[in-house]
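The residues making up each chain are set out below.
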Amino acid sequence: MKVLLINTNLMKPPIAPIGLDYVAEAVAAQGGEVEILDLGLADEVDAALEQGLRSDDYAVVGLTVRNTDDCYFAGQDFFLPQVRRIVDAVRRRTAAPLALGGVGFSILPEAVLSFCGVDWGIWGEGEFVFPELARRVAAGEPVEDLPGLVYRTAVAPSDSPSPYRRNPPRFGDLATLPPMSRRWIDHARYFREGGQAGFETKRGCPQSCLYCADPVAKGRPLRLRPPAAVAEEIANLLAQGIDHLHTCDSEFNLPERHARAVCQALIDRGLGRRVRWYAYCTPQPFSDDLAALMRRAGCVGIDFGVDHGDDEMLQRLGRDFRAEDILRTAEVCHRHGFAFMYDLLLGGPGETQETLRRTVDLMRQAAPSRVGLSIGIRLYPGTPLAQRVAQEGAGPEHPALFGQVEDNPDFLRPLFYVSPALGEDIFRVVGELVGEDERFFFVDPTRPEQNYNYNANEVLIEAIRAGARGAYWDILRRRGAKGT
Ligand code: B12
């Protein structure tokens, strides 16, 4: 069986489609033939489609949808029209069935299928189900019972107005996946133009943060990858000259024992001295021991999703740590010499000028290397916040909604929550609180080097072209600090 996998993510600087890399490996391990059409690296998309779709004997064409939009209140760049155009162009060139997948897809599968006019998609991870889908199509066998398959039915089921059905997922054992060679994507070019590569150490998140789509798109059960397999994969990237990496876990330090085991595996393979990597972490638990181990394993920078600095807001956001943990973790990071960023999510339920002020004050006290300010919360269906808003009536009359408020029942188009106590004033209030402090990344058109949207970020693109490598916030930090 032969499959074609297409990357539809055109955002620059480009991030390599690690999901396709993994799915391709799984297809090949089952004896399938894989072709990749990576539009993320194409100079001209139409020409790449013309060239890349030469044969017509694919069992299935899989398309990855990583980002539905830039999820950025000040940007609101919606990417699905571009995916739809790619789908249409693929259809004109092959009669093979199409299947969508990817994390953006998995947040709103039915709505994305409907928007793009595609009949099949696979919710969640693709390594277990996609090869089986291709095998069955090639063998002429029915596919409708495949776990995680989202598919269009000829007639809307009687218990639902939607013509789509979603089968319950079956989470595979990550230890049974083949070794990830990371050879399916042109990582050397992504490294030159995107400055980093990703790696994953686990999947799933059992937490219940008010706004977060990770449990929605990845599932709640936490599943760990064998640490030796992670080290092997990093060695494979290093062999291609890739020595700056970023974790693709929601939070690397959960559970802490797994984070330790991964670090130890990297140290045992001698990778700690040869790679520089960055992680997303939560501020609690973040022990001195773990920090020391991460340092020895090659970690140089950490992006903590702290969300807020006000205890009541942290509680409302469903976080299980408090301001004192944020301060303590900052001390640990300073002690171990990490560059670290505190990422804030402002404008949630209950936000006022006072909670904003307390947060900015706490950030100044903690003194991380940078503070990332995301203003307005993107509403994802299936999250507690989106459910609450839907119950309250998600329409123009809702005082906290901004973005595509009308004609957007499934929240597919960019829709944001901003506390009614602040409304659009939030930009002015935050701007005044932050002032000229260069440690805060913030949307300010007069200071592009502080722009925290990575979408079409010219400062980043230029810096990477000039040789900068690493996490984007750290590239911006170094550039801002030295002006290089
Ligand atoms: C790490 C990360 C980053 C890192 C990337 C580092 C790197 N080198 O890879 C950085 C910080 C750079 C980043 C940037 C951005 N990110 Co980000 N990021 C993530 C994160 C945490 C992991 C993504 C990842 O690679 N996962 C690991 C891979 C293996 O998983 P996967 O891609 O889902 O693939 C699996 C399945 O989806 C499936 N699959 C994938 N493709 C296909 C295809 C087919 C056919 C099939 C069947 C299956 C399938 O199988 C794969 C293997 O199991 C996710 C959240 C999350 N937990 O996923 C957010 C996330 C993807 N990011 C998001 C966003 C918005 C962005 C930015 C747009 C932010 C911005 N405005 O700047 C940029 C986009 C950058 C770009 N050029 O694309 C959103 C997207 C939400 C949405 N609705 O679109 C997410 C979901 C976070 C969130 N909830 O808000 N990000």
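Colleague: Outline the site of the ligand, supporting the account with residue identities and numerical values.
Modeller: In the vicinity of the ligand lie 44 residues, with Thr64, Thr68, Glu127, Lys218 and Asn453 positioned nearest. Measuring from an oxygen atom of the ligand, one finds a side-chain N or O atom of Asn67 at 3.0 Å. At 3.4 Å from a nitrogen atom of the ligand is found a main-chain nitrogen or oxygen belonging to Gly198. Breaking the shell around the ligand down by element, the ones donating at least two residues are α1 (18–29), β3 (60–64), β4 (98–101), α4 (103–107), β8 (197–199), α8 (214–218) and β11 (244–247). Of all the elements, α1 adds the most residues to the shell around the ligand, at 5 residues.

Colleague: Lay out unusual backbone geometry with the relevant residues and their values.
Modeller: In terms of backbone geometry, most residues other than glycine have negative phi values and most peptide bonds are trans. Note that the residue after Lys12, namely Pro13, is joined by a cis bond; omega there is 0°. Among the structural elements, Pro13 can be located in the loop between β1 (2–7) and α1. Each neighbour pair has its own omega, and for Gln284 with Pro285 the value is 5°, a cis peptide bond. With respect to the helices, strands and loops of the structure, Pro285 is situated in the loop between β12 (276–281) and α11 (288–296). Phi at Cys71 is positive, roughly 55°, even though this residue is not glycine. Locating Cys71 in the fold gives a position in the loop between β3 and α3 (80–93).

Colleague: I'd love a proper account of the sheet that holds strand β6 (residues 149–152), names of residues and values included.
Modeller: On the basis of which strands lie adjacent, the open sheet formed by 7 strands has the order β2-β1-β3-β4-β5-β6-β7 and mixed pairing. Edge strands, defined here as strands with exactly one partner in the open sheet, are β2 (33–38) and β7 (164–166). Recorded for the sheet is a direction-independent mean angle of 20° between the axes of neighbouring strands. Bridging between strand β5 (residues 120–122) and β6 involves 3 bridges; their strand directions are antiparallel. What sits directly across from Ile122, in β6, is Leu149. α1 rests against β1, β2 and β3 of the sheet, and its axis sits at about 175° to β1.

Colleague: Now, about the sheet that holds strand β14 (residues 339–346): what can you tell me, with residues and values included?
Modeller: A sheet is described by the order of its strands in space; here 7 strands give the open sequence β8-β11-β12-β13-β14-β15-β19, paired in parallel fashion. Only two strands of the sheet have a single neighbouring strand rather than two, namely β8 and β19 (440–441). The pairing of β14 with strand β15 (residues 370–375) spans 6 bridges and is parallel. Residue pairing in the sheet places Leu346 in a bridge with Ile375 of β15. In the packing of helix α9 (residues 227–238) onto the sheet, contacts are made with β8 and β11, and the angle to β8 comes to roughly 165°. Sheet strands in contact with α11 are β12 and β13 (299–307), and its direction is about 135° off that of β13.

Colleague: Tell me about helix α17 (residues 458–465), and name the residues and values.
Modeller: Within α17 the residues assigned to the buried category are Val459, Leu460, Ile461, Ala463 and Ile464. N-cap assignment for α17: the residue whose side-chain oxygen lies 3.2 Å from the backbone N of Val459 is Asn457. Following α17 by one or two positions, Gly467 has its phi on the positive side, about 115°.

Colleague: Give a detailed account of the side chain of Asp303, specifying residues and quantitative values.
Modeller: Looking at the element boundaries, Asp303 is found in strand β13. We note that Asp303 is buried and unpaired, the nearest opposite charge coming from Arg319 at a distance of 9.9 Å. Every residue in contact with Asp303, bar those within four places of it in the chain, is listed here: Ala279, Tyr280, Cys281, Met341, Asp343, Tyr452 and Trp473.

Colleague: So what's going on with the packing of aromatic side chains? Which residues, and what values?
Modeller: Inspection of every chain in the model, using the stated rule, returns 15 aromatic pairs. Ring centres of Phe73 and Phe402 lie 5.9 Å apart, and the angle between their planes is 70°; this geometry places the pair in the edge-to-face category. Of this pair, Phe73 sits in the loop between β3 and α3 while Phe402 sits in strand β17 (residues 401–403); the two residues are 329 residues apart in sequence, bridging distant segments of the chain. In terms of burial, Phe73 and Phe402 fall into one category: buried. With a centroid separation of 5.5 Å and 25° between ring planes, the pair formed by Phe73 and Phe427 is classed as stacked. Of this pair, Phe73 sits in the loop between β3 and α3 while Phe427 sits in helix α16 (residues 426–434); the two residues are 354 residues apart in sequence, bridging distant segments of the chain. Exposure remark for Phe427: the relative accessible area of 26% places this residue in the partly exposed category. Pairwise contacts between aromatic rings join Phe73, Phe402, Phe416 and Phe427 into one cluster. Over the ring of Phe338 we find Arg295; its NZ or CZ atom is 5.2 Å from the centre of that ring. Here the guanidinium or amino end of Arg469 rests over the ring plane of Phe191, the centre of that ring lying 5.0 Å away.

Criteria and thresholds
Residues numbered from 1 in each chain as written. Predicted model: local features only at pLDDT ≥ 70, side-chain atom pairs only at ≥ 80, totals over all residues. Heavy atoms only, no water. Near = heavy atom within 4 Å. Polar contact = N/O pair within 3.5 Å; in protein donor to acceptor, adjacent residues only side chain to side chain. Helix = DSSP H or I, 4+ residues; strand = E, 2+ residues; numbered from the N terminus. Pairing = 2+ DSSP bridges. Axes fitted to C-alpha atoms, helices over the stretch in contact; angles between N-to-C directions. Contact = heavy atoms within 4.5 Å. Buried < 20%, exposed > 50% of the residue type's maximum accessible area, 1.4 Å probe, protein only. Lys, Arg positive; Asp, Glu negative; His and termini not counted. Salt bridge = Lys/Arg side-chain N within 4 Å of Asp/Glu carboxyl O. Phe/Tyr/Trp six-rings, centres within 6.5 Å; stacked < 30°, edge-to-face > 60°. Lys NZ or Arg CZ within 6 Å of the ring centre and 35° of its normal.

Honestly, it's all geometry; don't read function into it.
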